[in-house]
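Descriptive analysis of the structure
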Amino acid sequence: MNGQTFELGDVVEMKKQHPCGTNEWKIIRMGADVRIKCEGCQHSVMIPRREFEKKMKKVLKKAELTSEE
Ligand SMILES: [Zn+2]
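Residues numbered from 1 in each chain as written. Predicted model: local features only at pLDDT ≥ 70, side-chain atom pairs only at ≥ 80, totals over all residues.

**Description of the sheet that holds strand β4 (residues 44-48)**
Within the open sheet, the five strands sit side by side as β4-β3-β2-β1-β5. Their pairing is antiparallel. With one partner strand each, in any of the chains shown, β4 and β5 (56-61) form the two edges of the open sheet. Here the average twist between neighbouring strands, direction ignored, is 40°. One ladder, built from two bridges, connects strand β1 (residues 11-14) with strand β2 (residues 25-30); its direction is antiparallel. (Pairing = 2+ DSSP bridges. Helix = DSSP H or I, 4+ residues; strand = E, 2+ residues; numbered from the N terminus. Axes fitted to C-alpha atoms, helices over the stretch in contact; angles between N-to-C directions.)

Listed below in structure tokens is the structure:
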């Protein structure tokens with residue numbers, strides 16, 4: 001375990017950036033699968049939670065510090 005905690009609304013950095021060049025993803029759905037949305041091009045992907053935990057590098061912005069649009 002790397003001690004990373006994440007929750008709905010957090011913006012995270014992944015180990016691999018999106019082909020559009022952005023590496024900021026917002027968590028928009030949490031469950032057995034996690035849905036994240038690219039902050040650059042708004043493309044969203046769904047990945048199994050376990051895989052997400054492996055691929056996530058760090059949390060950039062916590063949900064409570066991010067203003068909702
Ligand atoms: Zn993108």
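Back to the text.
**Regarding the nonpolar core**
With nine residues, the main nonpolar core is built from Phe6, Val12, Trp25, Ile27, Val34, Ile36, Cys38, Phe52 and Met56. Breaking this core down by element, the ones donating at least two residues are β2 and β3 (33-38). It is β3 that contributes the most residues to this core, three residues altogether. The contacts of Val34, once residues within four sequence positions are left out, are Ile27, Arg29, Ile47, Arg49 and Phe52. (Core = buried A, V, L, I, M, F, W, Y, C linked by C-beta atoms within 7 Å. Buried ≥ 20, exposed ≤ 12 C-beta atoms within 10 Å, placed from the backbone. Contact = placed C-beta atoms within 7 Å.)

**Re the pairing of β2**
With five bridges joining them, β2 and β3 adopt antiparallel strand pairing. Paired with Trp25 across the strands is Cys38, a residue of β3. From the end of β2 to the start of β3, which pair antiparallel, there are two residues.

**Concerning the environment of Val12**
The residue Val12 is located in strand β1 in this model. Along the primary structure Val12 and Trp25 are separated by 13 residues, whereas in three dimensions their C-alpha atoms are 5.2 Å apart. Discounting residues that sit within four places of it in the chain, Val12 has contacts with Phe6, Trp25, Ile27, Met56, Lys58, Val59 and Leu60.

**Brief notes about the confidence of the model for the protein**
Looking at the protein, pLDDT values average 90 and 88% of them are 70 or higher. Mean pLDDT across the elements of the protein bottoms out in β5 (95) and peaks in β3 (98). (pLDDT = per-residue confidence, 0-100.)

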